[in-house]
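Close look at the chain arrangement
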Amino acid sequence: MIYLDNAATSYPKPDAVYRAIEEFARTSGGNPGRAGHRLAVEAEAMIDDTRRLAARLFGAPRPERVVLCLNATDALNMAIKGVVRPGDHVITSVLEHNSVNRPLNRLERDGVITLTRLPASAEHLIDPGALLRAWTPRTRLVAVTHASNVTGTIQPVGDYGRIVRERDGLLLVDAAQSAGAVPIDVEADLIDLLAFTGHKGLLGPTGTGGLVVGERADVGVWREGGTGGDSTDPFQPAELPYHLEGGTPNVFGLAGLREGLRIVLERGVESILTHERALLAAFLGGLRRPETFSFYGADTALRERGGEGRVGLLSFTMTGYAPGELATLLDQHFEIAVRPGLDCAPYAHRHLGTFPAGATRLSVGFLSTEDDALGVAAALNELSEG
Ligand SMILES: Cc1ncc(COP(=O)(O)O)c(C=O)c1O
């Protein structure tokens, strides 16, 4: 099997991640913070270490402001619903995943907020000037993706950060596709809330993710319950991370995420990004009939600019094949896994003109090889040559 659906979840994980989960589960799997025995203490220490590594990767000065949760969707819901107040204006973009769209759309439909959805340029970028023009005295939150899961373009979040900070708003960045794949510095880019998932570029298992909460963001409680701390308090603690973390965490999953974070930090995000861009360029170079395909913005960037401004995913359509049909053929005849359809990002496909059928997306990852990239090119060559 050639797995090129790493934007959905990275697979396989590095062996060290599997080993870390198993070893932790067999030797140290207590309930963190819930008791003073060795197994509970080791679980707590492992989770603290995971926070510390995530804080280091994202340039967050205080590990306790890394709130660990289920995935990016959980983190985004926590952030959006935790900061908006009735009457607020929120700015977002057409490039967002439904984990941003749906909470915001419901808040708008219920009359809680007003919402502006910024368009994307022909290069699939959200213009900071458009953000500036959309700003109103009621704007509290700007919620944007760092790297689109459809176009792969990396957005200039630092430019948004400066605009938002000068106007005393909050910037929420969806780093689902960029964590572990693009350098991120929440302080330098003035990001108030960074939502990440653990199971894509951070190489951890599903069921892990987090929200980095900056000093200016006051996020309302989310999942209230036991924290292992002072049980006499009738309310959720005010301190982070426990203010936003109730219940027993995904201890085994976090043991895997910790290992994934170590691997990413050791290899270096820049090096991972260079590897992934090179694989996409190899794929494009391996196509014998490129004119049979429409690539959404990526081919020029990859061929002429070394992939600058993009992450390791590529959406395309192929003449003569519907996206779903193409993905099924690749799966059943060539054992190649790609993603067809709308990628949970319907406005992005409207922007591309590929709604409602969507496109076919291939996405490389940390463990993808040149053989994988050339293998999918060879399969598409066979299909394009009939
Ligand atoms: C851009 C983007 N945001 C958010 C998400 C949601 O991530 P998760 O499924 O881990 O909650 C995804 C997942 O595909 C994504 O690509």
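All of the points below concern the structure found in this document. Everything numeric here is computed off the predicted structure, so don't read it as measured data. (Residues numbered from 1 in each chain as written. Predicted model: local features only at pLDDT ≥ 70, side-chain atom pairs only at ≥ 80, totals over all residues. Heavy atoms only, no water.)

Moving on, we get to the sheet that holds strand E6 (residues 170-174). Taken in spatial order, the 7 strands make up an open sheet running E2-E8-E7-E6-E5-E3-E4, and their pairing is mixed. Since the sheet does not close on itself, it has two edges, and those belong to strand E2 (66-69) and strand E4 (113-118), each with one partner. Strand-to-strand twist in this sheet, taken as the mean axis angle between neighbours without regard to direction, amounts to 15 degrees. Inspection of the sheet shows strand E7 (residues 193-197) paired to strand E8 (residues 209-213) by 5 bridges, in the antiparallel sense. Following the sheet pairing, Ala195 is matched in E8 by Leu211. With respect to the sheet, helix H2 (residues 38-58) is in contact with E2, E7 and E8, its orientation differing from that of E2 by roughly 120 degrees. Along the sheet face, helix H4 (residues 98-109) touches strand E3 (88-93), E4, strand E5 (139-145) and E6 and points at about 140 degrees away from the line of E4. (Pairing = 2+ DSSP bridges. Helix = DSSP H or I, 4+ residues; strand = E, 2+ residues; numbered from the N terminus. Axes fitted to C-alpha atoms, helices over the stretch in contact; angles between N-to-C directions. Contact = heavy atoms within 4.5 Å.)

Successive side chains on a regular strand alternate, one facing one side of the sheet and the next facing the other. Burial analysis of strand E13 (residues 359-363) places 5 of its 5 residues in the buried class, which makes it a mostly covered element. Here 3 bridges tie strand E12 (residues 339-341) to E13, and the two strands are oriented antiparallel to one another. Paired with Arg339 across the bridge in E13 is Arg361. (Buried < 20%, exposed > 50% of the residue type's maximum accessible area, 1.4 Å probe, protein only.)

Right, let's talk about the nonpolar core for a bit. Within the largest apolar cluster, 58 residues are counted, with the highest numbers of intra-cluster contacts made by Phe58, Leu131, Val142, Leu171, Leu194, Phe196 and Leu202. No other element matches the 8 residues that H2 contributes to this core. Setting aside chain neighbours within four positions, we find Leu202 in contact with Leu57, Phe58, Ala179, Gly180, Phe196, Thr197, Leu257, Gly260, Leu261 and Val264. Core analysis: the next-biggest nonpolar cluster, separate from the first, contains 29 residues, Cys69, Leu107, Val219 and Leu240 among them. (Core = buried A, V, L, I, M, F, W, Y, C linked by side-chain atoms within 4.5 Å.)

What follows covers the sheet that holds strand E10 (residues 313-318). Taken in spatial order, the 4 strands make up an open sheet running E9-E10-E13-E12, and their pairing is antiparallel. Two strands lie at the open edges of the sheet, namely strand E9 (293-295) and E12, each paired on one side alone. Ignoring which end each strand starts from, the neighbouring axes of this sheet average 30 degrees apart. Across the sheet, helix H8 (residues 269-286) is in contact with E9, E10 and E13; its angle to E10 comes to roughly 20 degrees. In this fold helix H10 (residues 323-334) packs onto E10, E12 and E13, with an angle of close to 160 degrees to the strand it touches most, E12.

Turning next to helix H12 (residues 370-384). Its 15 residues give H12 an end-to-end C-alpha distance of 21 Å, which sits within 8% of 21 Å, the value for a rise of 1.5 Å per residue. Every buried residue belonging to H12 is among Asp372, Ala373, Val376, Ala377, Ala379, Leu380, Asn381, Leu383 and Ser384, and all of these are buried. One or two residues past the end of H12 sits Gly386, with phi positive at roughly 75 degrees. (Expected span 1.5 Å × (residues − 1).)

The next subject is empty space enclosed by the protein. Using the criterion set out here, one finds 1 cavity of 30 Å³ or more in the structure. The calculated volume of the largest cavity comes to roughly 190 Å³. Taken together, 20 residues make up the lining of the largest cavity; nearest its centre are Asn6, Ala181, Gly201, Glu276 and Val364. Grouping the constituent residues of the lining of the largest cavity by class yields 10 nonpolar, 8 polar and 2 charged. (1 Å grid on protein atoms, 1.4 Å probe; cavity = no way out; pocket = protein on both sides within 12 Å on 5 of 7 lines; lining within 4 Å. Points joined across faces, edges and corners; volume = space filled by probe spheres on them. Nonpolar A, V, L, I, M, F, W, Y, C, P; charged D, E, K, R; others polar.)

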